[in-house]
Amino acid sequence: MLTDTSTPRPATPGSGPAATASPTSRRSHDDAPDTADLFTLLVEVDDGPERDAVRGELVAAWLPMAHRIAGRFRDRGESVEDLRQVAALGLVKAVDRFDPSRGAFESYAVPTITGEIRRHFRDRMWALRVPRRVQELRNRVRISRRELAQQPGVTEPTVAAIAAHAGLTEEEVNAGLEAMESFSTLSLDAELSAGDEAYSLADTLGAPDASYDLVVDREAAKAGLRRLPERERAILYMRFFEDATQSRIADRFGISQMHVSRLISRSCARIRAEALTERSVSRLAA
């Protein structure tokens, strides 16, 4: 980490660079360049080509550090190249927001870049969107599960063991385990196998059953049917349940076929209007 930007003391004869460097000028990593003068210049210059050039030089100088931080998150379901791009975005934000008077840039940039990568995993890497609390449960369960699995004689930790180790309830552990399955998805075209036969995941999904709509319509029409006069109910029964013709119905009740047609149309319209009115009232009450 860069903590001393003063001019180094002159080297004594026969001494190497290691002998002349003070302890406070040592850096924790080789990718922490001395850019104090550039940051000072960045603050002093106004917006324009010169400032853009200084800003670009700073980003390029610290980019290896951003790539190193991105490498810590490899093997978590995201490509290294994408992680490096996210880390570079965090680096740009750190450069733009850094105040040179408040300390070393590395101390500010590392948490800024790390936070940007963590937000990327939190907001972009979930196949199914889950609440933040459940995401945190997933992380606690994952860490506890890994720690328990490393203990001698433990192959697959139980829910109770994970709960005791993580300080969670078994219900919370189950929620975390379910969230672990939501981090990635399987294509509907993915091939599954059952014995000698292969089928896709889409083949296992159900479809809406039209019979449910028929049941709903029948139940909605029952009340209206009960309120009809007895003759109209009998006419509708003969027409729609016995499949009788209008001519036969007319002979049965001693009326004209035209009158039968009007009675059927009027009764159906009345039942439909009452059913729709009751449905609207039920929705408003809910």
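Because the structure is predicted, anything quoted here is derived from the model rather than measured.

This next bit is on the overall build of the chain. If you tally the helices and strands in the chain, you get 12 helices and 2 strands. Its helices and strands in sequence order give the chain the pattern α-α-α-α-α-α-α-α-β-β-α-α-α-α, from N to C terminus. Relative to all contacts within the chain whose residues are 6 or more apart in sequence, the contacts with residues 24 or more apart total 54%. Looking at the chain as shown, the accessible area adds up to about 19,300 Å², and 51% of this sits on carbon and sulfur atoms.

What follows is about the pattern of salt bridges. Scanning all chains against the criterion turns up 11 salt bridges. Measuring nitrogen to oxygen at the nearest pair gives 3.7 Å for the salt bridge that ties Asp47 to Arg51. The residue Asp96 makes a salt bridge to Arg55 at a minimum N-O spacing of 2.6 Å. Highlighted residues: Asp96 in helix 4 (residues 80–97) and Arg55 in helix 3 (residues 49–71), separated in sequence by 41 residues. Classification of Arg55 by relative accessible area gives partly exposed; the value is 26%.

The next subject is a nonpolar patch on the surface. Side chains of Tyr237, Phe240 and Phe241 sit close together on the surface and give an oily, nonpolar patch of about 390 Å² of accessible area. By the secondary structure assignment, Phe240 is in helix 10 (residues 230–240).

There is about 720 Å³ of room inside the largest pocket. Around the largest pocket, the lining is made up of 19 residues, and of these Asp217, Arg218, Ala221, Leu225 and Ile271 lie nearest the centre. Within the lining of the largest pocket, the residues separate by chemical class into 12 nonpolar, no polar and 7 charged.

Okay, the confidence of the model for the chain next. Overall, the predicted model of the chain reaches an average pLDDT of 80, with 82% of residues at or above 70. Counting interchain partners and residues more than four positions distant, the pLDDT-below-50 stretch residues 1–28 has 27 contacts.

Calculation rules
Residues numbered from 1 in each chain as written. Predicted model: local features only at pLDDT ≥ 70, side-chain atom pairs only at ≥ 80, totals over all residues. Heavy atoms only, no water. Helix = DSSP H or I, 4+ residues; strand = E, 2+ residues; numbered from the N terminus. Contact = heavy atoms within 4.5 Å. Areas by Shrake-Rupley, 256 points an atom, 1.4 Å probe, with all protein chains shown as cover. Salt bridge = Lys/Arg side-chain N within 4 Å of Asp/Glu carboxyl O. Buried < 20%, exposed > 50% of the residue type's maximum accessible area, 1.4 Å probe, protein only. Patch = residues over 30% accessible without salt bridge, like charges linked within 9 Å, V, L, I, M, F, W, Y side chains within 5 Å. 1 Å grid on protein atoms, 1.4 Å probe; cavity = no way out; pocket = protein on both sides within 12 Å on 5 of 7 lines; lining within 4 Å. Points joined across faces, edges and corners; volume = space filled by probe spheres on them. Nonpolar A, V, L, I, M, F, W, Y, C, P; charged D, E, K, R; others polar. pLDDT = per-residue confidence, 0-100.

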